Amino acid sequence: MEAYLDNSATTKCADEVVETCVKVMQTDYGNPSSKHMKGVDAEMYIKEARQIIAKSLKCLDKEILFTSGGTESNNLAIIGTAMANKRKGNHVIVSSVEHSSVKEPFNFLEQQGFRVTYLPVDKKGVVDIEGLKAALDEETILVSVMYVNNEIGTVEPIEEIGHIVKGYNPDIVYHVDAIQAYGKYRIYPNKLNIDLLSVSGHKIHGPKGSGFLYIKDKTRIKPIIYGGGQQKGMRSGTENVPAIAGLGKAVDLIYNNTFDEKIEHLYELKDYFIDEISKLPEVQINSEKGEAFAPQIVSVSFKGVRAEVLLHALEEQNIYVSSGSACSSNKPGLSNTLVAIGLDKNLLDSTLRFSFCYETTKEELDYTIENLKKLLPVLRKYTRR
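Summary of the structure given here.

### As for the pairing of strand β4 (residues 115-119)
Here is step 1: Where strand β3 (residues 91-95) meets β4, five bridges bridge the pair, whose relative direction is parallel. What sits directly across from His91, in β4, is Arg115.
Here is step 2: For the handedness criterion, the β-α-β arrangement of β3, helix α4 (residues 100-111) and β4 is classed as right-handed.

### What about helix α9 (residues 259-277)?
Here is step 1: For α9, with 19 residues, the first-to-last C-alpha span of 27 Å sits near the 27 Å given by 1.5 Å per residue.
Here is step 2: If you check which residues of α9 are buried, you get Phe259, Lys262, Ile263, Leu266, Tyr267, Leu269, Lys270, Phe273, Ile274, Glu276 and Ile277.

### Some details on the nonpolar core
Here is step 1: Among the nonpolar cores identified, the biggest contains 95 residues, and Leu57, Val143, Tyr147, Tyr182, Ile187, Phe302 and Phe354 are the most heavily contacted of them.
Here is step 2: Here Ile187 is in contact with Ser56, Leu57, Tyr147, Ala178, Ala181, Tyr182, Leu192 and Leu197, once residues within four sequence places are set aside.
Here is step 3: One finds Ile78, Val116, Ile141 and Ile215 within the second-largest nonpolar core, a separate group that totals 20 residues.

### Focus: the pattern of salt bridges
Here is step 1: Throughout the structure, instances matching the rule amount to 17 salt bridges.
Here is step 2: The partner of Asp217 in a salt bridge is Lys62, with the nearest N and O atoms 3.5 Å apart. Placement of the pair is Asp217 in the loop between β8 (211-215) and α8 (241-254) and Lys62 in the loop between α2 (37-57) and β2 (64-67), with a sequence separation of 155 residues.
Here is step 3: A salt bridge links Asp217 to Lys218, with the shortest nitrogen-to-oxygen separation between them at 3.4 Å.
Here is step 4: Several salt bridges converge on common partners, so that one network encompasses Lys62, Asp217 and Lys218.

### A look at a positive patch on the surface
Here is step 1: Taken together, Lys86, Arg87, Lys88, Arg220 and Lys222 make up a surface patch of like positive charges.
Here is step 2: The residue Lys86 is located in the loop between α3 (70-85) and β3 in this model.

### Considering the sheet that holds strand β10 (residues 297-302)
Here is step 1: Strand order in this open sheet of three strands is β9-β10-β12, and the pairing throughout is antiparallel. Either end of the sheet is taken by a strand with one partner, and the two such strands are β9 (283-285) and β12 (351-355). When the angles between neighbouring strand axes are averaged without regard to direction, this sheet yields 25 degrees.
Here is step 2: Examined bridge by bridge, β10 and β12 share five bridges and lie antiparallel to one another. By the bridge assignment for β12, Ser301 is matched with Thr351.
Here is step 3: This element, α9, spans β9, β10 and β12 of the sheet and lies at about 10 degrees to β10.
Here is step 4: Sheet strands in contact with helix α10 (residues 307-315) are β10 and β12, and its direction is about 40 degrees off that of β12.

Definitions and cut-offs
Residues numbered from 1 in each chain as written. Predicted model: local features only at pLDDT ≥ 70, side-chain atom pairs only at ≥ 80, totals over all residues. Heavy atoms only, no water. Pairing = 2+ DSSP bridges. Helix = DSSP H or I, 4+ residues; strand = E, 2+ residues; numbered from the N terminus. Right-handed = clockwise from strand over helix to strand, strands pointing away. Expected span 1.5 Å × (residues − 1). Buried < 20%, exposed > 50% of the residue type's maximum accessible area, 1.4 Å probe, protein only. Core = buried A, V, L, I, M, F, W, Y, C linked by side-chain atoms within 4.5 Å. Contact = heavy atoms within 4.5 Å. Salt bridge = Lys/Arg side-chain N within 4 Å of Asp/Glu carboxyl O. Patch = residues over 30% accessible without salt bridge, like charges linked within 9 Å, V, L, I, M, F, W, Y side chains within 5 Å. Areas by Shrake-Rupley, 256 points an atom, 1.4 Å probe, with all protein chains shown as cover. Lys, Arg positive; Asp, Glu negative; His and termini not counted. Charge placed at Lys NZ, Arg CZ, Asp CG, Glu CD. Axes fitted to C-alpha atoms, helices over the stretch in contact; angles between N-to-C directions.

What follows is the structure, encoded as C-alpha coordinates:
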(Lines give C-alpha, C1' and ligand atoms only; values in the text may rest on other atoms or scores of the structure.)
Protein backbone atom coordinates (compact mmCIF):
# COMPACT_ATOMS: atom_id res chain seq x y z
CA MET A 1 0.00 0.00 0.00
CA GLU A 2 1.03 3.63 -0.53
CA ALA A 3 0.05 6.60 1.60
CA TYR A 4 0.92 9.99 0.13
CA LEU A 5 0.50 12.46 2.99
CA ASP A 6 2.59 15.34 1.69
CA ASN A 7 -0.08 17.26 -0.19
CA SER A 8 0.98 20.61 1.27
CA ALA A 9 4.29 20.15 -0.55
CA THR A 10 2.55 19.27 -3.80
CA THR A 11 -0.56 17.54 -5.03
CA LYS A 12 -0.97 15.06 -7.85
CA CYS A 13 -2.19 16.70 -11.07
CA ALA A 14 -5.84 15.91 -11.75
CA ASP A 15 -6.40 13.80 -14.90
CA GLU A 16 -8.46 16.55 -16.52
CA VAL A 17 -5.63 19.03 -15.84
CA VAL A 18 -3.08 16.76 -17.53
CA GLU A 19 -5.37 16.34 -20.55
CA THR A 20 -5.80 20.11 -20.84
CA CYS A 21 -2.05 20.79 -20.60
CA VAL A 22 -1.24 18.14 -23.21
CA LYS A 23 -3.86 19.50 -25.62
CA VAL A 24 -2.41 22.99 -25.35
CA MET A 25 1.17 21.76 -25.79
CA GLN A 26 0.44 19.54 -28.78
CA THR A 27 -2.55 21.09 -30.58
CA ASP A 28 -3.16 24.69 -29.49
CA TYR A 29 0.52 25.54 -29.12
CA GLY A 30 0.55 29.06 -30.56
CA ASN A 31 2.16 32.07 -28.90
CA PRO A 32 -0.68 34.14 -27.38
CA SER A 33 1.00 37.33 -28.63
CA SER A 34 0.84 36.14 -32.25
CA LYS A 35 -1.78 37.78 -34.48
CA HIS A 36 -2.81 34.64 -36.38
CA MET A 37 -5.45 32.11 -35.29
CA LYS A 38 -2.97 29.86 -33.47
CA GLY A 39 -2.13 32.83 -31.28
CA VAL A 40 -5.78 33.77 -30.83
CA ASP A 41 -6.61 30.19 -29.79
CA ALA A 42 -3.80 30.23 -27.22
CA GLU A 43 -4.96 33.60 -25.89
CA MET A 44 -8.46 32.18 -25.37
CA TYR A 45 -7.11 29.67 -22.85
CA ILE A 46 -5.60 32.51 -20.83
CA LYS A 47 -8.83 34.50 -21.00
CA GLU A 48 -10.91 31.50 -19.91
CA ALA A 49 -8.59 30.64 -17.00
CA ARG A 50 -8.67 34.25 -15.85
CA GLN A 51 -12.48 34.21 -15.90
CA ILE A 52 -12.67 30.97 -13.90
CA ILE A 53 -10.28 32.26 -11.23
CA ALA A 54 -11.97 35.67 -11.04
CA LYS A 55 -15.32 33.95 -10.53
CA SER A 56 -13.90 31.92 -7.61
CA LEU A 57 -12.73 35.15 -5.93
CA LYS A 58 -15.72 37.28 -6.98
CA CYS A 59 -13.33 39.81 -8.49
CA LEU A 60 -12.66 41.41 -11.88
CA ASP A 61 -10.91 39.40 -14.60
CA LYS A 62 -8.29 42.14 -14.99
CA GLU A 63 -7.30 41.73 -11.33
CA ILE A 64 -5.72 38.30 -12.01
CA LEU A 65 -2.03 38.22 -12.97
CA PHE A 66 -0.53 34.85 -13.92
CA THR A 67 2.86 33.93 -12.44
CA SER A 68 5.13 30.91 -12.20
CA GLY A 69 3.75 30.04 -8.74
CA GLY A 70 3.55 31.09 -5.12
CA THR A 71 7.14 32.24 -4.73
CA GLU A 72 6.97 34.64 -7.66
CA SER A 73 3.55 35.89 -6.56
CA ASN A 74 4.85 36.64 -3.07
CA ASN A 75 8.02 38.31 -4.35
CA LEU A 76 6.09 40.51 -6.77
CA ALA A 77 3.52 41.43 -4.12
CA ILE A 78 6.10 42.38 -1.49
CA ILE A 79 8.98 43.88 -3.48
CA GLY A 80 6.69 45.40 -6.13
CA THR A 81 4.56 47.12 -3.49
CA ALA A 82 7.53 48.41 -1.51
CA MET A 83 9.19 49.87 -4.61
CA ALA A 84 5.98 51.50 -5.84
CA ASN A 85 5.18 53.11 -2.48
CA LYS A 86 8.58 53.94 -0.96
CA ARG A 87 7.97 57.67 -1.28
CA LYS A 88 4.98 57.28 1.05
CA GLY A 89 6.95 55.50 3.76
CA ASN A 90 9.55 52.87 4.52
CA HIS A 91 7.82 50.74 7.16
CA VAL A 92 6.52 47.24 6.41
CA ILE A 93 4.90 44.67 8.71
CA VAL A 94 4.95 40.87 8.46
CA SER A 95 4.15 37.96 10.76
CA SER A 96 6.98 35.91 12.30
CA VAL A 97 5.63 32.59 10.93
CA GLU A 98 5.71 33.23 7.18
CA HIS A 99 6.89 30.88 4.44
CA SER A 100 10.44 31.52 3.18
CA SER A 101 9.02 33.00 -0.06
CA VAL A 102 7.63 35.83 2.09
CA LYS A 103 10.34 35.95 4.73
CA GLU A 104 13.21 36.28 2.26
CA PRO A 105 11.69 39.21 0.29
CA PHE A 106 11.24 41.03 3.60
CA ASN A 107 14.89 40.30 4.44
CA PHE A 108 15.75 41.84 1.07
CA LEU A 109 13.66 44.95 1.86
CA GLU A 110 15.47 45.28 5.17
CA GLN A 111 18.79 45.26 3.29
CA GLN A 112 17.39 48.01 1.05
CA GLY A 113 16.77 50.23 4.08
CA PHE A 114 13.13 49.46 4.84
CA ARG A 115 12.10 49.17 8.47
CA VAL A 116 10.53 45.75 9.07
CA THR A 117 8.31 44.84 12.03
CA TYR A 118 7.93 41.10 12.69
CA LEU A 119 4.68 40.37 14.52
CA PRO A 120 4.87 37.72 17.27
CA VAL A 121 2.37 34.86 17.54
CA ASP A 122 0.86 32.90 20.41
CA LYS A 123 1.42 29.19 21.12
CA LYS A 124 -1.11 28.27 18.44
CA GLY A 125 0.64 30.44 15.85
CA VAL A 126 -2.01 33.17 15.78
CA VAL A 127 -0.74 36.68 15.06
CA ASP A 128 -0.74 39.15 17.96
CA ILE A 129 -3.51 41.59 17.03
CA GLU A 130 -2.55 44.11 19.71
CA GLY A 131 1.02 43.95 18.42
CA LEU A 132 -0.26 44.80 14.94
CA LYS A 133 -2.22 47.78 16.23
CA ALA A 134 0.86 49.04 18.10
CA ALA A 135 3.12 48.57 15.07
CA LEU A 136 1.05 50.59 12.57
CA ASP A 137 2.36 54.11 12.04
CA GLU A 138 2.33 56.92 9.46
CA GLU A 139 5.28 55.34 7.61
CA THR A 140 3.57 51.94 7.16
CA ILE A 141 3.01 51.04 3.49
CA LEU A 142 2.56 47.24 3.56
CA VAL A 143 1.20 44.54 5.86
CA SER A 144 1.64 40.85 4.93
CA VAL A 145 0.09 37.93 6.83
CA MET A 146 -0.46 34.37 5.58
CA TYR A 147 -3.98 32.91 5.55
CA VAL A 148 -2.99 29.36 6.62
CA ASN A 149 0.34 28.44 8.14
CA ASN A 150 2.07 25.91 5.90
CA GLU A 151 3.67 23.94 8.75
CA ILE A 152 1.06 23.62 11.49
CA GLY A 153 -2.15 24.77 9.79
CA THR A 154 -3.04 27.78 11.93
CA VAL A 155 -5.77 29.93 10.36
CA GLU A 156 -4.90 33.60 10.86
CA PRO A 157 -7.62 36.22 11.57
CA ILE A 158 -7.36 37.59 8.04
CA GLU A 159 -10.64 39.51 8.04
CA GLU A 160 -9.94 41.18 11.40
CA ILE A 161 -6.44 42.17 10.28
CA GLY A 162 -7.82 43.68 7.08
CA HIS A 163 -10.36 45.68 9.06
CA ILE A 164 -7.67 47.00 11.42
CA VAL A 165 -5.20 47.89 8.65
CA LYS A 166 -7.73 49.69 6.46
CA GLY A 167 -9.33 51.35 9.48
CA TYR A 168 -5.94 52.83 10.38
CA ASN A 169 -5.04 53.91 6.84
CA PRO A 170 -6.86 52.78 3.67
CA ASP A 171 -3.69 53.41 1.61
CA ILE A 172 -1.70 50.66 3.37
CA VAL A 173 -1.43 47.68 1.03
CA TYR A 174 -2.63 44.42 2.59
CA HIS A 175 -1.06 41.24 1.18
CA VAL A 176 -2.17 37.70 2.02
CA ASP A 177 -0.24 34.54 1.13
CA ALA A 178 -3.17 32.17 0.47
CA ILE A 179 -1.11 29.32 -0.96
CA GLN A 180 -2.28 26.80 1.65
CA ALA A 181 -5.77 28.32 1.89
CA TYR A 182 -7.02 28.69 -1.68
CA GLY A 183 -9.03 25.62 -2.63
CA LYS A 184 -9.83 24.97 1.05
CA TYR A 185 -11.84 28.14 1.70
CA ARG A 186 -14.08 30.47 -0.24
CA ILE A 187 -11.93 33.60 -0.33
CA TYR A 188 -13.40 36.93 -1.40
CA PRO A 189 -10.66 39.62 -1.28
CA ASN A 190 -13.07 42.57 -1.50
CA LYS A 191 -14.95 41.42 1.58
CA LEU A 192 -11.70 40.80 3.47
CA ASN A 193 -10.05 44.14 2.52
CA ILE A 194 -7.25 42.25 0.75
CA ASP A 195 -5.28 44.13 -1.93
CA LEU A 196 -2.92 41.32 -2.98
CA LEU A 197 -3.47 37.55 -2.76
CA SER A 198 -0.89 34.90 -3.72
CA VAL A 199 -1.86 31.44 -5.00
CA SER A 200 0.09 28.44 -6.30
CA GLY A 201 -1.30 25.92 -8.80
CA HIS A 202 0.46 22.77 -7.68
CA LYS A 203 -1.15 22.88 -4.22
CA ILE A 204 -4.61 22.45 -5.80
CA HIS A 205 -3.99 19.59 -8.27
CA GLY A 206 -2.76 21.98 -10.96
CA PRO A 207 0.63 21.94 -12.69
CA LYS A 208 3.88 22.97 -11.04
CA GLY A 209 5.12 26.31 -12.33
CA SER A 210 1.65 27.83 -12.30
CA GLY A 211 0.09 30.40 -10.03
CA PHE A 212 -1.43 33.85 -9.86
CA LEU A 213 -1.44 37.08 -7.93
CA TYR A 214 -4.74 38.85 -7.33
CA ILE A 215 -4.05 42.59 -7.58
CA LYS A 216 -6.95 44.79 -6.54
CA ASP A 217 -7.70 47.39 -9.19
CA LYS A 218 -5.72 50.63 -8.72
CA THR A 219 -3.27 49.06 -6.22
CA ARG A 220 0.15 50.67 -6.59
CA ILE A 221 2.66 47.95 -7.50
CA LYS A 222 5.71 47.85 -9.77
CA PRO A 223 6.70 44.88 -11.95
CA ILE A 224 9.88 43.01 -11.11
CA ILE A 225 10.20 41.35 -14.55
CA TYR A 226 10.64 43.57 -17.60
CA GLY A 227 10.59 42.72 -21.29
CA GLY A 228 7.97 42.40 -24.01
CA GLY A 229 5.11 43.91 -22.01
CA GLN A 230 2.88 40.84 -21.70
CA GLN A 231 0.03 40.98 -19.15
CA LYS A 232 -0.15 44.78 -19.55
CA GLY A 233 3.52 45.12 -18.65
CA MET A 234 3.07 43.71 -15.14
CA ARG A 235 4.81 40.42 -15.92
CA SER A 236 6.74 40.28 -19.17
CA GLY A 237 7.57 37.01 -20.88
CA THR A 238 5.57 34.67 -23.10
CA GLU A 239 2.77 33.25 -20.98
CA ASN A 240 3.03 29.58 -19.97
CA VAL A 241 -0.24 28.75 -21.69
CA PRO A 242 -0.31 24.99 -20.86
CA ALA A 243 0.23 25.73 -17.16
CA ILE A 244 -2.28 28.59 -17.13
CA ALA A 245 -4.91 26.45 -18.87
CA GLY A 246 -4.20 23.61 -16.43
CA LEU A 247 -4.48 25.99 -13.48
CA GLY A 248 -7.86 27.20 -14.75
CA LYS A 249 -9.07 23.62 -15.05
CA ALA A 250 -7.83 22.81 -11.51
CA VAL A 251 -9.71 25.81 -10.07
CA ASP A 252 -12.84 24.80 -11.97
CA LEU A 253 -12.61 21.26 -10.55
CA ILE A 254 -12.15 22.40 -6.95
CA TYR A 255 -14.73 25.17 -6.77
CA ASN A 256 -17.54 23.10 -8.27
CA ASN A 257 -20.80 21.94 -6.68
CA THR A 258 -19.01 19.32 -4.51
CA PHE A 259 -16.72 21.86 -2.80
CA ASP A 260 -18.43 21.64 0.60
CA GLU A 261 -18.30 17.83 0.58
CA LYS A 262 -14.57 17.91 -0.19
CA ILE A 263 -13.86 20.23 2.72
CA GLU A 264 -16.04 18.19 5.08
CA HIS A 265 -14.08 15.09 4.04
CA LEU A 266 -10.79 16.84 4.87
CA TYR A 267 -11.99 17.89 8.34
CA GLU A 268 -13.16 14.33 9.02
CA LEU A 269 -9.76 12.98 8.02
CA LYS A 270 -7.91 15.52 10.13
CA ASP A 271 -10.00 14.98 13.25
CA TYR A 272 -9.78 11.20 12.88
CA PHE A 273 -6.01 11.28 12.40
CA ILE A 274 -5.50 13.53 15.43
CA ASP A 275 -7.65 11.23 17.56
CA GLU A 276 -5.71 8.14 16.48
CA ILE A 277 -2.21 9.58 16.65
CA SER A 278 -2.98 11.00 20.12
CA LYS A 279 -3.18 7.42 21.37
CA LEU A 280 0.51 6.85 20.61
CA PRO A 281 2.97 7.37 23.49
CA GLU A 282 5.23 10.41 23.69
CA VAL A 283 3.73 12.48 20.89
CA GLN A 284 2.77 16.14 20.88
CA ILE A 285 0.28 17.42 18.32
CA ASN A 286 0.88 21.01 17.21
CA SER A 287 -2.35 21.32 15.22
CA GLU A 288 -5.94 21.20 16.44
CA LYS A 289 -9.19 19.53 15.48
CA GLY A 290 -11.96 21.74 14.13
CA GLU A 291 -12.03 24.97 12.17
CA ALA A 292 -9.46 27.01 14.12
CA PHE A 293 -6.88 25.11 12.08
CA ALA A 294 -6.88 24.26 8.38
CA PRO A 295 -8.56 21.00 7.32
CA GLN A 296 -5.55 19.49 5.55
CA ILE A 297 -2.51 19.88 7.85
CA VAL A 298 -1.47 18.00 11.01
CA SER A 299 1.89 18.74 12.68
CA VAL A 300 3.15 16.11 15.14
CA SER A 301 6.28 16.03 17.31
CA PHE A 302 7.65 12.60 18.21
CA LYS A 303 9.72 12.71 21.39
CA GLY A 304 13.06 10.96 21.17
CA VAL A 305 13.07 10.49 17.38
CA ARG A 306 14.75 12.66 14.74
CA ALA A 307 12.26 13.80 12.13
CA GLU A 308 14.48 12.89 9.19
CA VAL A 309 15.06 9.36 10.51
CA LEU A 310 11.33 8.78 10.99
CA LEU A 311 10.54 10.34 7.60
CA HIS A 312 12.82 7.85 5.81
CA ALA A 313 11.60 4.92 7.93
CA LEU A 314 8.04 5.75 6.84
CA GLU A 315 9.23 6.17 3.26
CA GLU A 316 10.45 2.56 3.29
CA GLN A 317 6.83 1.60 3.93
CA ASN A 318 5.64 3.79 1.02
CA ILE A 319 4.36 6.50 3.37
CA TYR A 320 5.34 10.00 2.28
CA VAL A 321 5.35 12.93 4.72
CA SER A 322 7.34 16.11 5.29
CA SER A 323 9.61 17.48 7.99
CA GLY A 324 8.12 20.97 7.65
CA SER A 325 7.89 23.04 4.49
CA ALA A 326 9.16 21.30 1.36
CA CYS A 327 10.80 24.54 0.18
CA SER A 328 12.61 25.14 3.46
CA SER A 329 13.84 21.53 3.58
CA ASN A 330 16.44 22.54 1.00
CA LYS A 331 17.98 24.91 3.53
CA PRO A 332 19.43 23.83 6.88
CA GLY A 333 18.14 25.45 10.04
CA LEU A 334 15.25 25.34 12.47
CA SER A 335 11.66 26.04 11.51
CA ASN A 336 10.84 29.68 12.26
CA THR A 337 7.20 28.68 12.85
CA LEU A 338 8.02 26.04 15.45
CA VAL A 339 10.45 28.42 17.16
CA ALA A 340 7.89 31.25 17.09
CA ILE A 341 5.18 29.17 18.80
CA GLY A 342 7.65 28.28 21.56
CA LEU A 343 7.89 24.56 20.83
CA ASP A 344 10.18 22.72 23.26
CA LYS A 345 13.69 22.87 21.75
CA ASN A 346 14.01 19.10 22.12
CA LEU A 347 11.08 18.69 19.72
CA LEU A 348 12.21 21.13 17.02
CA ASP A 349 14.08 18.38 15.19
CA SER A 350 11.43 15.75 15.90
CA THR A 351 8.42 17.18 14.07
CA LEU A 352 6.67 15.86 10.95
CA ARG A 353 3.88 17.35 8.87
CA PHE A 354 1.10 15.12 7.54
CA SER A 355 -1.02 16.80 4.87
CA PHE A 356 -4.10 15.53 3.05
CA CYS A 357 -6.06 16.13 -0.13
CA TYR A 358 -9.59 15.29 -1.27
CA GLU A 359 -8.42 11.89 -2.52
CA THR A 360 -6.78 10.88 0.78
CA THR A 361 -8.52 7.88 2.37
CA LYS A 362 -9.07 6.72 5.92
CA GLU A 363 -7.26 3.50 4.93
CA GLU A 364 -4.11 5.51 4.19
CA LEU A 365 -4.29 7.08 7.64
CA ASP A 366 -4.83 3.71 9.34
CA TYR A 367 -1.87 2.28 7.44
CA THR A 368 0.27 5.21 8.63
CA ILE A 369 -0.80 4.82 12.27
CA GLU A 370 -0.08 1.07 12.23
CA ASN A 371 3.41 1.68 10.88
CA LEU A 372 4.09 4.41 13.44
CA LYS A 373 3.11 1.98 16.21
CA LYS A 374 5.76 -0.44 14.95
CA LEU A 375 8.49 2.04 14.06
CA LEU A 376 8.50 4.45 17.01
CA PRO A 377 9.55 1.96 19.74
CA VAL A 378 12.37 0.63 17.55
CA LEU A 379 13.66 4.07 16.58
CA ARG A 380 13.45 5.40 20.13
CA LYS A 381 15.36 2.39 21.41
CA TYR A 382 18.02 2.94 18.75
CA THR A 383 18.21 6.69 19.42
CA ARG A 384 18.52 6.32 23.19
CA ARG A 385 21.41 3.90 22.88
